[in-house]
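Understanding the architecture of this molecule
What follows is each chain in one-letter form.
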Amino acid sequence: MEKKIQVALIQFSPLSYDVKNNISKALILSKQALEQGAKIIVLPELFDSGYCVEDKDQKYALSFKDLKHPTLKSLHNLAIRYKAYIIACSIEKDQNKLFDTAYILGTKGLIGKYRKIYLWGNEKKRFQKGNKYPVFKLKFPNFSIKLGLQICYEVGFGEGARILALQGAQIICYSAAFGKARTYAWDLASKARALENGVFVLASNRSGEEISKIDGNKLEFAGHSRIINPKGEILATYEKEEGFIINEIDIKEVEIQRNTIPYLKDLNLKLTQKNLKEIHLNTKERKWQKKF
């Protein structure tokens, strides 16, 4: 059975506070990709509010209990119209807590969400940490796939991608606002996550710049969104400021690569768990992070 689908990554420069125009830009680019046959769309981190809205996080946060929210309603309508899946990332409000949350919308509404666990820099002052690694099943006419979500900085944490792969994820999506100064890390880590887990990596990174409302620093973003196959090879990348990339992927390549280099099959999970437990239980070692 053929298991091929078209996937697309959207790249642009969201502006702080400009939700209406940010959504409009995302919709225009997404529609262009969908018109070319894309069935999975991935948007950058905090694409709707902009990244640097620290002084108004509460105002721009959304609740997944309200699918009539402009961001969710717009993306849901797009999913319905094109019978596709839209993966995005926004500020989430749950009671009085805020999260940096990636989510999937399909024709029937919210498929699921993932709350960022590893927060970068000033995000620690803005958001609570997530604590789960869910894997989602996306259904297509003749087959289904399993997909996991990660966000930005987490591309450098192999543990998260490995947990998702061990739960069956065949695709891992990264919505990002990754810094230009660390482009080298984005490049290497994204390919490594694909290779070591035998998964497709769909990494959508924003471009442009914003000014932090916490410390006044200018943040420049790397762009370089990329679609990577299970061998760690880049199938498509976007080098310009604004646009999208689209590429066909064959899910059968996941099984082929995992048999070619059986990292997951040969992983000694019991030994890994044992050693991690010993590190955790050792009082002195539990403070190891203070050394860095």
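Cut-offs used in this document
Residues numbered from 1 in each chain as written. Predicted model: local features only at pLDDT ≥ 70, side-chain atom pairs only at ≥ 80, totals over all residues. Heavy atoms only, no water. Salt bridge = Lys/Arg side-chain N within 4 Å of Asp/Glu carboxyl O. Helix = DSSP H or I, 4+ residues; strand = E, 2+ residues; numbered from the N terminus. Buried < 20%, exposed > 50% of the residue type's maximum accessible area, 1.4 Å probe, protein only. Expected span 1.5 Å × (residues − 1). Arc of directions from axis to C-beta. Contact = heavy atoms within 4.5 Å. Pairing = 2+ DSSP bridges. Axes fitted to C-alpha atoms, helices over the stretch in contact; angles between N-to-C directions. Right-handed = clockwise from strand over helix to strand, strands pointing away.

Another aspect to go through is the pattern of salt bridges. For the coordinates displayed, the defined rule picks out 14 salt bridges. Between R126 and D57 there is a salt bridge whose closest N-O contact spans 2.7 Å. A residue pair is termed long-range when its members are at least 10 positions apart, and R126 in helix α4 (residues 123–126) and D57 in helix α2 (residues 57–60) qualify at 69 residues. We classify R126 as buried; its relative accessible area is 10%. Here D57 falls in the buried class, since its relative accessible area comes to 5%. One salt bridge in this structure joins R193 and E196, with 2.5 Å as the shortest N-O distance. Of this pair, R193 and E196 both sit in helix α6 (residues 183–197), 3 residues apart, roughly one helical turn. Taken together, the salt bridges that share partners define one network made up of E45, D100, K116 and E123.

So, about α6. Look at α6: 22 Å from first C-alpha to last across 15 residues, which is about the 21 Å you get at 1.5 Å a residue. Buried within α6 we find T183, W186, A189, S190, R193, A194 and N197. Across the axial projection of α6, the buried residues extend over an arc of 135 degrees, all falling on one side. For α6, the exposed residues set more than 90 degrees away from the buried face come down to Y184 and L188. For α6, the elements touching its buried residues are α5 (158–166), β8 (171–176), β9 (200–205), β12 (226–228), α7 (252–260) and α8 (263–266). Just past α6, the residue G198 takes up positive phi, approximately 60 degrees.

Right, let's talk about helix α1 (residues 19–35) for a bit. Across its 17 residues, α1 extends 24 Å between first and last C-alpha, which sits within 8% of the 24 Å expected from 1.5 Å per residue. Within α1, the full set of buried residues consists of V19, N22, I23, A26, L27, L29, S30, A33 and L34. Phi turns positive one or two residues past the end of α1, at G37, with a value near 105 degrees.

With that out of the way, let us pick up the sheet that holds strand β1 (residues 4–11). One key point about sheets: their strands pair by backbone hydrogen bonds, in either a parallel or an antiparallel sense. A sheet is described by the order of its strands in space; here 6 strands give the open sequence β5-β4-β3-β2-β1-β14, paired in mixed fashion. The strands lining the two open edges of the sheet, one partner per strand, are β5 (109–115) and β14 (243–250). Averaged over all neighbouring strand pairs, the angle between strand axes comes to 30 degrees, with direction disregarded. Where strand β2 (residues 40–42) and strand β3 (residues 85–94) come together, 3 bridges link them in parallel fashion. Looking at the pairing, I40 lines up with Y85 of β3. Strands in contact with α1 are β1, β2, β3 and β14; relative to β14, the strand with the most contacts, it is inclined by about 35 degrees. Seen against the sheet, helix α3 (residues 70–82) touches β3, β4 (97–106) and β5 and runs at an angle of roughly 15 degrees to β4.

What follows deals with the pairing of β8. Counting buried residues along β8, 6 of its 6 residues qualify, which places the element largely inside the surrounding structure. In terms of strand pairing, strand β7 (residues 144–151) meets β8 through 5 bridges, oriented parallel. What sits directly across from G148, in β8, is I172. Assessed by its sense of winding, the connection that carries the chain from β7 through α5 to β8 is right-handed. The handedness of the β8 to β9 crossover, carried by α6, is right-handed.

The two faces of the sheet receive side chains in turn, since in a regular strand these alternate between them. By the criterion of burial, β3 is predominantly enclosed, with 8 of the 10 residues buried. Judged from the 9 bridges that link them, β3 and β4 form a sheet pairing that is antiparallel. Bridged to K93 within β4 is L98. What sits between β3 and β4 in their antiparallel hairpin is a turn of 2 residues, with Q95 showing a positive phi close to 60 degrees.

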